[in-house]
Amino acid sequence: MPDPEEAAMAQTMIEAAEAPPAAPLLEVPEQRPEDRGLPLVGRLFEFIADPLALMRRQWEAYGAVAPLKSRLDEGVMLLGPDACEEALRNKDKAFANEPAWGKIVGPFFHRGLMLMDFDEHHGHRRIMQEAFTRDRLSAYTERMHPAIAEGMAGWGTDAKFKAYPALKQLTLDIAADIFMGGAADTSRKEMDRVNKAFIACVQAAAGIVRADVPMTRWGKAYRGRHVLEDFLRHYLPAKRATATDDIFSVLCHIETEDGERFSDDDVVNHMIFLMMAAHDTSTITTSTMMQFLGQHPEWQERCREEALALGPEPTMAELEALQSLDLVMKESLRLRAPVPLLVRRAVRDTAIQGHRIPAGTDVMVCVQFSHVMEEYWTNPMVFDPERFSPERREDRSHRYAWEPFGGGVHKCIGLYFAGLEVKSIVHRLLRNYHWTVEPGYRAPLDNHSLPFPKDGQPINLVRSGSNR
């Protein structure tokens, strides 16, 4: 009687022999002379001026796998959800985060979760997930409301209110409370210094001189990293000594069932990355929502009705049930993804959409472009939150048509926390203020790192008669 395993193996060999040969891999198209850009930096300044316009030009010229080379980088852009999905799902583990992000911001977010790969990333993420359980998220939500109320206390009627810097200060204050436990002995001056240090570290991404040279982006970021480390290490012994419900303390004390815990260095490295990610991306999303709600009063009123139906400090479950606000948030994330592209490095030869990607190639996963492709979205440049409604669900046109939080094993670990924070802020704004934005206003974005409005995003803010 034949052995079942041998029979199965023989059948597999027969099927493999009968299968048509795999199509030969295509080479990435050669970069046209007119697309080479400047001698050293290539098309970096085109990206800074308008990332989406560059993505469109690349798509039209080359398709889903487009060359983007310079003296500094040998890379390709991945455009469209099919190509993005292949890279983010990373089935053959050919793409790594650390070599790519490390070249851009590595010294400043050293050993943050985003800059880890494979087994090490899995181990750290497994521990950190304990800080973002549903019970903990509920507690963070409850704690946010007093910090938001205090942060907005000084906001009054102002026809030229600069929304972005005000929100950035607010989200930093929230981070100081939720992440740091209030940092009671920290002055406003010290928190301003911390905020400037975060900005310096984030803006290192556009640095051309990638070394600790004074007055350069990287030079400022090196000094910013020292500020952040000193700040966190000052509080570390107290956080180790007493377990509280802020994220800093949670990271000091969480432990998996197998007894895995973070070292002191791990805690500091993860705190620097998490605080940056929490307050920068949330600021961008909230300010974008304020712009669109100010330009679309019908949506502002629709969201306000939902907000007024709740108390001033809604629970996590109540925030999750704010349907109109959720639609607006998703549409804002579509039109202005806080992180418009993700980077990876090929650590072994692989293929994307049938194109050979050699080891050592830097890959730019252009999530923002997927968000505005006409193949997947109706009138994609128009603000239309209903596209996410149960009746339409245009985001289901492709699994990766909408990916503001990335995908695969590196999908943003704090995405639910971020959504709760943004909704909590906008909920209180809707209860206490009305605002308008000129219909034709288009935020002049600084794209050196994460996109933000260079003009501070002025709005006409009007405080309501009573504080609700």
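Going along each chain's sequence as written, the residues are numbered from 1 onward. Reporting of local features is limited, given that this is a predicted model, to residues whose pLDDT is at least 70; pairs of side-chain atoms are given and counted only at 80 or more, and all residues count toward the totals for whole chains, interfaces and linings. Computation of side-chain values covers all heavy atoms of the structure but excludes hydrogens and water.

Novice: How would you explain the overall build of the chain if you had to name every residue and give the values?
Specialist: A tally of regular secondary structure across the chain gives 17 helices and twelve strands. Over its C-alpha atoms the chain spans a radius of gyration of 24 Å, differing by no more than 12% from the 23 Å that the globule rule assigns to 468 residues. Each principal axis of the C-alpha atoms in the chain carries an extent, and together these give about 80 × 60 × 55 Å. As used throughout, the charge tally considers Lys and Arg to be positive and Asp and Glu to be negative, leaving His and the chain termini uncounted. Charge positions come from single atoms, namely NZ of Lys, CZ of Arg, CG of Asp or CD of Glu. Separation of charge centres in the chain, based on 55 positive and 68 negative side chains, amounts to 6 Å. Helix and strand labels come from DSSP, where a helix needs a run of H or I of at least four residues and a strand needs a run of E of at least two; each type is numbered from the N terminus. Computation of the radius of gyration draws on C-alpha atoms, with the globule rule given as 2.2 Å multiplied by the number of residues to the power 0.38.

Novice: Before we move on, could you go through the pairing of strand β8 (residues 362–365) and cite the residues and values that matter?
Specialist: Burial along β8 is two-sided: Asp 362 and Met 364 facing one way and Val 363 and Val 365 facing the other are all buried. When DSSP locates at least two bridges between a pair of strands, those strands are taken to pair. Taken together, the four bridges between strand β2 (residues 74–78) and β8 define a ladder with parallel strand orientation. Bridging across to β8, Gly 75 finds its partner in Asp 362. As defined by bridge partners, strand β5 (residues 342–346) adjoins β8 across four bridges and the pair is classed as antiparallel. Residue Arg 344 lies in a different strand from β8, and its bridge partner there is Val 363. Note on exposure labels: buried denotes an accessible area under 20% of the residue type's maximum, exposed denotes more than 50%, and partly exposed covers the range between, all computed with a 1.4 Å probe on protein chains only.

Novice: Talk me through the nonpolar core; I want residue IDs and the actual numbers.
Specialist: Residue types Ala, Val, Leu, Ile, Met, Phe, Trp, Tyr and Cys, when buried and joined through side-chain atoms within 4.5 Å, form a set referred to as a nonpolar core. If you look at the biggest cluster of nonpolar residues, it comprises 137 residues, and the most contacted ones within it are Phe 109, Phe 179, Leu 251, Met 271 and Phe 417. If you tally residues by element for this core, the top one is helix α12 (residues 264–295), at 14 residues. Only heavy atoms matter for contacts: two residues are in contact if any of them lie within 4.5 Å across the pair. Aside from chain neighbours lying at most four places away, what touches Phe 417 is Phe 132, Leu 137, Tyr 140, Met 144, Ile 178, Phe 179, Ile 247 and Ala 278.

Novice: Before we move on, can you summarise the sheet that holds strand β12 (residues 458–463) with the specific residues and values?
Specialist: The strand order β4-β12-β9 describes an open sheet built from three strands, whose pairing is antiparallel. In this open sheet, the two edge strands, each paired with only one partner strand, are β4 (158–162) and β9 (433–436). This sheet shows a mean twist of 45° between the axes of neighbouring strands, independent of strand direction. Relative to β12, β4 is paired through three bridges, and the arrangement is antiparallel. Along β12, the bridge assignment pairs Asp 158 with Leu 461. The convention used is that axes are lines fitted to C-alpha atoms, helices contributing only their stretch in contact, and that angles between N-to-C directions extend from 0 to 180 degrees.

Novice: I'd like to hear about the packing of aromatic side chains, residue by residue, with values.
Specialist: Aromatic rings from Phe, Tyr and Trp, taking only the six-membered ring of Trp, are treated as a pair when their centres fall within 6.5 Å; an angle between ring planes under 30 degrees marks them as stacked, one over 60 as edge-to-face, and anything in between as tilted. Counted under the stated rule, the structure contains 15 aromatic pairs. Centre to centre, the rings of Phe 231 and Tyr 235 are 5.4 Å apart; their planes meet at 70°, and the pair counts as edge-to-face. Here Phe 231 and its partner Tyr 235 are both found in helix α10 (residues 217–241), four residues apart, which amounts to about one turn of the helix. Look at Phe 231 and you get buried, because its relative accessible area is 5%. Arranged with centres 5.6 Å apart and planes meeting at 65°, the rings of Phe 388 and Trp 402 form a pair that is edge-to-face.

Novice: Describe unusual backbone geometry, naming the residues involved and giving the relevant values.
Specialist: For Met 215, which is not a glycine, the phi torsion comes out positive at approximately 75°. Checked against the element boundaries, Met 215 lands in the loop between α9 (188–203) and α10. On the basis of relative accessible area, Met 215 is assigned to the exposed category, the value being 71%. The residue Gln 457 is not glycine, and still its phi comes out positive at about 55°. By the element assignment, Gln 457 lies in the loop between β11 (452–453) and β12.

Novice: Outline the packing of helix α8 (residues 163–178) against helix α17 (residues 415–432), listing residues and values.
Specialist: Where α8 meets α17, the closest approach of the two axes is 12 Å, and the angle between their N-to-C directions is 125°. The angle between α8 and α17 places the two elements in the oblique class. Where α8 crosses over α17, the handedness of that crossing is right-handed. On α17, the residues touching Leu 167, Leu 170, Thr 171, Ile 174 and Ile 178 of α8 are Phe 417, Glu 421 and Ile 425. In this count, Pro and Cys sit with the nonpolar residues alongside Ala, Val, Leu, Ile, Met, Phe, Trp and Tyr, while Asp, Glu, Lys and Arg are called charged and the others, Gly among them, polar. For the contact of α8 with α17, the per-class residue count stands at six nonpolar, one polar and one charged. For classification, angles of less than 35 degrees are called roughly parallel, those exceeding 145 degrees roughly antiparallel, those between 65 and 115 degrees roughly perpendicular, and all remaining angles oblique. Each crossing is labelled by how the near helix is turned from the far one, with a counterclockwise turn of less than a right angle marking it left-handed and a clockwise turn marking it right-handed.

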